[in-house]
Number of protein chains: 2
Amino acid sequence: MPTPAIRVTSSAAKRASSLLRALQAHPPSCPCHSNPSHHYQSPSLLKSPRRSFATPLDHTKQKEYAFEMAASSIRFGPGCTKEVGMDFKNMGANRVCLVTDSNVSKLDAMKHVVESLSREGVGFTVFDKVRVEPKDSSIREAIDFAKPYQPDAFLAVGGGSVIDTAKLMNLYTTFPDAEFLDFVNAPLGKGLPITKPLKPLVAVPTTAGTGSETTGTAIFDLVSKKAKTGIAHRNLKPTLGICDPLNTRTMPSAVHASSGLDVLCHSLESWTAIPYHERTPRPQNPMNRPAYQGANPISDIFSLKALRSTVEFLPRAVKDPEDFEAQSEMLLAATLAGVGFGNAGVHLCHAMSYPISGQNPGYKHKGYVIDSPIIPHGVSVAVTSPAVFRFTGASNPERHLAAAEVFGKDVSNAKKESAGEILSEVLAEFLVNLGDQPRGLKALGFGSEHIDDLVEGTLPQKRVLMLAPNLSLEENEEREQLRGLFEEAMNY
Amino acid sequence: MPTPAIRVTSSAAKRASSLLRALQAHPPSCPCHSNPSHHYQSPSLLKSPRRSFATPLDHTKQKEYAFEMAASSIRFGPGCTKEVGMDFKNMGANRVCLVTDSNVSKLDAMKHVVESLSREGVGFTVFDKVRVEPKDSSIREAIDFAKPYQPDAFLAVGGGSVIDTAKLMNLYTTFPDAEFLDFVNAPLGKGLPITKPLKPLVAVPTTAGTGSETTGTAIFDLVSKKAKTGIAHRNLKPTLGICDPLNTRTMPSAVHASSGLDVLCHSLESWTAIPYHERTPRPQNPMNRPAYQGANPISDIFSLKALRSTVEFLPRAVKDPEDFEAQSEMLLAATLAGVGFGNAGVHLCHAMSYPISGQNPGYKHKGYVIDSPIIPHGVSVAVTSPAVFRFTGASNPERHLAAAEVFGKDVSNAKKESAGEILSEVLAEFLVNLGDQPRGLKALGFGSEHIDDLVEGTLPQKRVLMLAPNLSLEENEEREQLRGLFEEAMNY
């Protein structure tokens, strides 16, 4: 099926008219009239009614005209973890900071990594205290460990928490004098760009979910602000992701399911995010072009392929622990989705998932053997997905129908107006068939009394909310829309 | 349409039985019996009859078990050439070697690049003597220019010849004491791996064809050996490709056509190349894993997408010089195909094209305004494609039928045995409809008297021939097959 062309969405139309209103209120002035091509717009934009503006827009209102694609190198193959010692030897590294957590440190993946480094005579030290779902405090602790060792390279072995922590150890040892908030996403942090290359980082994922081995994103809890946030910049991405399907065989079935649901939402959200050329402002320096830039023709390829694989292989990987083909395909899908959303972004499911996990009223997900309550990340993103895609459907019916078709739905006679509803239904069916998934926020213990807090916990996620189709730019309206979404997400 | 899974090809079966014969003649011995997992094979390989081998294979006979994907970052957008000065300023470069040729130096692309570097105060020097279809002598001249300047970065503005020359200037200024043949592909050169990172190289393509802005490959004539060869290693790839559709508007229609045919063959050849896990030998160090590693699940995504775009947009780009949408899509397709073949490889069309262009009996392609005879690269690869894909069809009928379907052919009732013939026919039809294409080698002036030389000129292209499905490993048989292919390619 050919990829549908990116279309101007109805949300875009709404944003354009709000822009028009803003322009009427604040007539633009611009210092660079002498250079007309400074205001060059892409051919597709030139066809739009906007070209009738006689006066150019100011930079903060100008839409994007380019996209940029960057991804870590990826090596994929069963057993290829054992090559990692040679990789570090090849790059001349001899002070490798090996980052992991206390669970992964007992797995074969770590054993093979340590053997490989030792066999090649590469010097290394182990930090195995990564906190699952890292906080700023746990990351500071990791950075404090790394600084005196003065690593010449990093190696992360674990899930998203480990890889994200290693990225930030790399960042803050390269910029030892930076304040922690300097690089943290605005508005919670200063959102400064990363102005120079970091040290080599090789990431060996042991889960098939976050795709962190290919992205320039690291997520953590900023405790003082009670918010999940992160740092996102292309320079943060690993040099190489070593994707070895032998390393994900240790995942219990429940972890296959929830990490696979993260992949599902990465692919669906990036596929339906607003297109890059609808994003404002156009950056004045390419360094400031965000990795979460909106859907674009290259991220689309990855997102749609990852969606196809997830729909085909996740149910098999969850149901049969011996189905190594399905597990292997899910690891590849996680990485492909990582390239997709890492260069496009995610939106509502992810924005809403952070308060859902953080404000857990006491739910303990089946199959997770820990003492405290937990809503796994993948569960918290997927639980709102039927509500989210019903809401976003009108923004781009073609894309929502194309996604529904991937699930096997015959959409040949589907009406555009029903696109959101159709995708919502097939998603709900997929989640139910997967098994052991909460059928909405109510099943997690949330009630209408929690909605205010959930909404307030979502609003600061500007970096992803700005990519949400159909969402208002006006805060009161946005708040009402989010409230409606949480209400809708109570049951599916 | 979901990507068909990679299947064991009949050529693979042939290779396996020749391997069996070799093993019977030379019983394997292996120093590492004490570590059984050293001989780990991928699950799909374990399912094959080969697992009945009681004795392990020696390394040179072992098949590959992993693939590696690497690509330059890509920025795409009309007008984004003007950002390049900021890119160099951001990376702190101040001695940029700007590489181009005498034609491109007069185009707007160069004007914008020079303005941008100057505006940002980035120091640079211009080398504008790149030879179209570079020879080793022209490349040595370019390297001799660069060495005394001691660049801290390179910027290539032009087509494949310019970008390839800049890659080699970068390589040999980073390894100033290396012999020219050290890195040249074996067997003509020593084929040494590039053991350290090169300086930053930004590539700004002005044609939509080679995809060189994303690949680690540089091609040139090695005059003393009368052969087209090159250097291929991931470390050779540019840091960033700036794909600005405004820069390809200057291409005449005939250049759109021939460079687009290069894209067509990049995508079709990489899509049908032998799968990576059928390639031998398995590298003992990941540094030696070739970029031309065979088809793999990630290259497949790019190759098929590029094929779809080319079939849709190339005819429009050729027929209407004002169709900027089609031109823009072809630039993107060229880059996507570059990522595909740059991480998989090409095979017969490319291997055979080098002697076809090099031994030109006097053909002058319509629309090329030069005095001397010329068979443009894209024309020389496409001219054999109907014969090539008829020959390779049996190796993987599913993939050949999937490709035919992209051209709009209904393959729902097609027989597997006809897959090659079907793809061959739709290709011939596509070339005829494109217009001004020679209908076979005869139309280029070749006759049966030239076939011996054409075959001998093809045989040294081991690096790509090893990826050709259905081609014999036995040299006499291979020679006969190539002879047959050139005969078949006389007319379509």
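Please read these numbers as outputs of a predicted model, since none were measured by experiment.

Notes on the overall build of chain A
Here's step 1: Across its full length, chain A holds 17 helices and nine strands.
Here's step 2: Counting every position in chain A, which comprises 492 residues, the buried fraction comes to 61%.
Here's step 3: The long-range fraction of contacts in chain A, counting pairs at least 24 apart against all pairs at least 6 apart in sequence, stands at 79%.
Here's step 4: For chain A, the accessible area works out to roughly 18300 Å², and carbon and sulfur atoms hold 53% of it.

Examining the UniProt feature "domain: Alcohol dehydrogenase iron-type/glycerol dehydrogenase GldA" (unreviewed entry) in chain A
Here's step 1: Residues annotated in UniProt with the feature "domain: Alcohol dehydrogenase iron-type/glycerol dehydrogenase GldA" (unreviewed entry) correspond here to residues 72-245 of chain A.
Here's step 2: Helix makes up 28% of residues 72-245 of chain A and strand 22%, with an end-to-end C-alpha separation of 18 Å.

Comments concerning the packing of aromatic side chains
Here's step 1: Across all of its chains, the model carries 19 aromatic pairs over all chains by this definition.
Here's step 2: Connected via pairs of aromatic rings, a cluster forms that spans Tyr-172, Phe-175, Phe-180, Phe-183 and Phe-220 of chain A.
Here's step 3: Seen from the ring of Tyr-292 of chain A, Arg-463 of chain A lies directly overhead, with NZ or CZ sitting 4.1 Å from the centre.
Here's step 4: For the cation-ring pair, Arg-249 of chain B lies above Phe-324 of chain B, with the distance from its terminal atom to the ring centre recorded as 3.4 Å.

Focus: the relation of the copies chain B and chain A
Here's step 1: Once turned by 180 degrees and shifted 0.0 Å along the axis, chain B lies on chain A with an RMSD of 0.0 Å. Taken together, the rotation and translation describe the operation of a two-fold axis.
Here's step 2: In this assembly, 100% of the residues forming the interface of chain B have copies in chain A that are likewise at the interface, indicating an isologous arrangement.

Quick look at the side chain of His-266 of chain B
Residues and elements named next belong to chain B.
Here's step 1: Its location among the elements puts His-266 in helix 7 (residues 253-272).
Here's step 2: On the accessibility criterion, His-266 (4% relative accessible area) is buried.
Here's step 3: In this view, His-266 contacts Gly-209, Thr-210, Ala-337, Phe-341, Val-346 and His-350; residues no more than four positions away in its chain are not counted.

What to know about the interface of chain B and chain A
Where interface size is given, it is often the accessible area lost as the parts come together that is meant.
Here's step 1: Taken together, the 44 residues of chain B in the interface contact 44 residues of chain A.
Here's step 2: Together, the buried faces of chain B and chain A total about 3700 Å²; carbon and sulfur atoms form 56% of this surface.
Here's step 3: Viewed at the interface, chain A and chain B are joined by four salt bridges.
Here's step 4: Residues Arg-75 of chain B and Glu-68 of chain A are paired through a salt bridge, measuring 2.7 Å at the closest nitrogen-oxygen approach.
Here's step 5: For the pair chain B and chain A, the number of links is twelve residue pairs in polar contact (both at pLDDT 80 or more).
Here's step 6: Only strand 1 (67-69), strand 2 (73-76), helix 3 (84-90), helix 8 (297-319) and helix 9 (324-342) of chain B provide two or more residues apiece to the side of chain B that touches chain A.
Here's step 7: Of the residues forming the side of chain B that touches chain A, the biggest block, six residues, is contributed by helix 8 of chain B.
Here's step 8: By the bridge criterion, three bridges tie strand 2 (residues 73-76) of chain A to strand 1 of chain B in an arrangement that is antiparallel. Within the sheet, the bridge partner assigned to Arg-75 of chain A lies in strand 1 of chain B and is Glu-68 of chain B.

With respect to helix 15 (residues 451-458) of chain A
Here's step 1: When we look at burial in helix 15 of chain A, the residues that qualify are Ile-451, Leu-454, Val-455, Gly-457 and Thr-458 of chain A. The buried residues of helix 15 of chain A occupy an angular sector of 165 degrees when projected down its axis, which confines them to one face.

As for the packing of helix 5 (residues 136-149) of chain B against helix 6 (residues 160-174) of chain B
All names here are of chain B.
Here's step 1: The interhelical angle for the contact between helix 5 and helix 6, taken along N-to-C directions, is 55 degrees, at an axis separation of 9 Å. The orientation of helix 5 with respect to helix 6, classified from their angle, is oblique. Crossing of helix 5 against helix 6: the hand is right-handed. Each of Ile-139, Ala-142, Ile-143, Phe-145, Ala-146 and Lys-147 in helix 5 lies in contact with helix 6, whose residues at this interface are Thr-165, Leu-168, Met-169, Tyr-172 and Thr-173.

Side note on the packing of helix 7 (residues 253-272) of chain A against helix 8 (residues 297-319) of chain A
Residue and element names in this part refer to chain A.
Here's step 1: In the contact formed by helix 7 and helix 8, the axes pass within 9 Å of each other and the chain directions differ by 155 degrees. The angle between helix 7 and helix 8 places the two elements in the roughly antiparallel class. Crossing angle aside, the handedness with which helix 7 passes helix 8 is left-handed. Together, Ser-253, His-256, Ala-257, Gly-260, Leu-261, Val-263, Leu-264, Ser-267, Leu-268, Ser-270 and Trp-271 of helix 7 and Asp-300, Ser-303, Leu-304, Ala-306, Leu-307, Thr-310, Leu-314, Ala-317 and Val-318 of helix 8 make up the contact between the two elements.
Here's step 2: Grouping the amino acids of the contact of helix 7 with helix 8 by side-chain chemistry returns twelve nonpolar, seven polar and one charged.

Some remarks on the pattern of salt bridges
Here's step 1: Per the stated rule, a full pass over the model turns up 48 salt bridges over all chains.
Here's step 2: Here Asp-182 of chain A ties to Lys-190 of chain A by a salt bridge, and the two come within 3.1 Å at their closest N and O atoms.
Here's step 3: In this structure, Arg-390 of chain B and Glu-421 of chain B form a salt bridge, with 3.0 Å as the shortest nitrogen-oxygen distance. Placement of the pair is Arg-390 of chain B in helix 12 (residues 385-392) and Glu-421 of chain B in helix 14 (residues 419-434), with a sequence separation of 31 residues.
Here's step 4: Arg-390 of chain B sits in the partly exposed class, given a relative accessible area of 31%.

Brief notes about the pairing of strand 5 (residues 153-158) of chain B
All names here are of chain B.
Here's step 1: With six of six residues buried, strand 5 lies mostly within the body of the structure.
Here's step 2: Two strands pair when backbone bridges link them, and strand 3 (residues 96-99) and strand 5 are joined in this way by four bridges, in the parallel orientation. Bridge pairing links Val-99 to Ala-156 in strand 5.
Here's step 3: Across five bridges, the pairing between strand 5 and strand 6 (residues 201-205) is parallel. Along strand 6, the bridge assignment pairs Gly-158 with Pro-205.

Some points on the state of the cysteines
Here's step 1: Throughout the structure, instances matching the rule amount to zero disulfides over all chains.
Here's step 2: Cys-265 of chain B supplies the cysteine sulfur nearest to Cys-349 of chain B, a cysteine that is in no disulfide, at a spacing of 4.4 Å.

Topic: the confidence of the model for chain A
Residues and elements named next belong to chain A.
Here's step 1: In the predicted model, chain A carries a mean pLDDT of 89, and 88% of its residues have values of at least 70.
Here's step 2: Across residues 1-55, confidence stays below pLDDT 50; counting only partners more than four residues off in sequence or on other chains, it has 83 contacts.
Here's step 3: Across the predicted assembly, pTM comes out at 0.88 and ipTM at 0.86.

Considering the sheet that holds strand 3 of chain B
Here's step 1: The strand order 1(A)-2(B)-9(B)-6(B)-5(B)-3(B)-4(B) describes an open sheet built from seven strands, whose pairing is mixed. Looking along the sheet, the strands with just one partner apiece sit at the ends: strand 1 (67-69) of chain A together with strand 4 (124-127) of chain B. This sheet shows a mean twist of 15 degrees between the axes of neighbouring strands, independent of strand direction.
Here's step 2: Summarising the sheet, strand 3 of chain B and strand 4 of chain B pair through four bridges and their orientation is parallel. Pairing of Leu-98 of chain B across the sheet is with Val-126 of chain B, part of strand 4 of chain B.
Here's step 3: Along the sheet, helix 8 of chain A makes contact with strand 1 of chain A together with strand 2 of chain B, crossing strand 1 of chain A at roughly 50 degrees.

Remarks on the domain arrangement of chain A
Residue and element names in this part refer to chain A.
Here's step 1: Domain parsing of chain A yields domain 1 (73-248) and domain 2 (253-488).
Here's step 2: For domain 1 and domain 2, the distance between their C-alpha centroids amounts to 25 Å.
Here's step 3: Between domain 1 and domain 2, the contact holds 26 residues from the first and 30 residues from the second.
Here's step 4: Summed over both sides, the interface between domain 1 and domain 2 buries roughly 2200 Å², with carbon and sulfur atoms accounting for 62% of that surface.
Here's step 5: Taken together, domain 1 and domain 2 are joined by zero salt bridges.
Here's step 6: Among the elements of the structure, strand 2, strand 7 (217-222) and strand 8 (227-232) are those that each provide at least two residues to the side of domain 1 that touches domain 2.
Here's step 7: Along the lines of polarity and charge, the residues of the side of domain 1 that touches domain 2 split into ten nonpolar, eleven polar and five charged.

A short note on the sheet that holds strand 3 (residues 96-99) of chain A
Here's step 1: Taken in spatial order, the seven strands of this open sheet run 4(A)-3(A)-5(A)-6(A)-9(A)-2(A)-1(B), and their pairing is mixed. Edge positions in the sheet fall to strand 4 (124-127) of chain A together with strand 1 of chain B, since each of these pairs with one other strand and no more. Along the sheet, successive strands turn relative to each other by an average axial angle of 15 degrees, direction set aside.
Here's step 2: On the sheet, helix 4 (residues 108-119) of chain A packs against strand 3, strand 4 and strand 5 (153-158) of chain A and is oriented at approximately 155 degrees with respect to strand 5 of chain A.
Here's step 3: The sheet contacts of helix 8 of chain B involve strand 2 of chain A together with strand 1 of chain B, and relative to strand 1 of chain B the element is tilted by about 50 degrees.

Side note on the environment of Gly-216 of chain A
Residues and elements named next belong to chain A.
Here's step 1: Counting through the fold element by element, Gly-216 comes out in the loop between strand 6 (201-205) and strand 7.
Here's step 2: Between the C-alpha atom of Gly-216 and that of Leu-264, which follows or precedes it by 48 residues, the distance is 19 Å.
Here's step 3: Ignoring anything within four residues of it in the chain, the contact list for Gly-216 reads Lys-167, Ile-231, Ala-232, His-233, Leu-236 and Lys-237.

About the thresholds
Residues numbered from 1 in each chain as written. Chains lettered and ligands numbered in written order. Predicted model: local features only at pLDDT ≥ 70, side-chain atom pairs only at ≥ 80, totals over all residues. Heavy atoms only, no water. Helix = DSSP H or I, 4+ residues; strand = E, 2+ residues; numbered from the N terminus. Buried < 20%, exposed > 50% of the residue type's maximum accessible area, 1.4 Å probe, protein only. Contact = heavy atoms within 4.5 Å. Areas by Shrake-Rupley, 256 points an atom, 1.4 Å probe, with all protein chains shown as cover. UniProt positions renumbered as here; feature names shortened; annotations may be inferred. Phe/Tyr/Trp six-rings, centres within 6.5 Å; stacked < 30°, edge-to-face > 60°. Lys NZ or Arg CZ within 6 Å of the ring centre and 35° of its normal. Least-squares fit on C-alpha atoms with pLDDT ≥ 70 in both. Buried area = accessible area lost by both parts, 1.4 Å probe. Salt bridge = Lys/Arg side-chain N within 4 Å of Asp/Glu carboxyl O. Polar contact = N/O pair within 3.5 Å; in protein donor to acceptor, adjacent residues only side chain to side chain. Pairing = 2+ DSSP bridges. Arc of directions from axis to C-beta. Axes fitted to C-alpha atoms, helices over the stretch in contact; angles between N-to-C directions. Parallel < 35°, antiparallel > 145°, perpendicular 65-115°, else oblique. Left-handed = near helix turned anticlockwise from the far one by under 90°. Nonpolar A, V, L, I, M, F, W, Y, C, P; charged D, E, K, R; others polar. Disulfide = S-S within 2.5 Å. pLDDT = per-residue confidence, 0-100. Domains from an automatic or database assignment.

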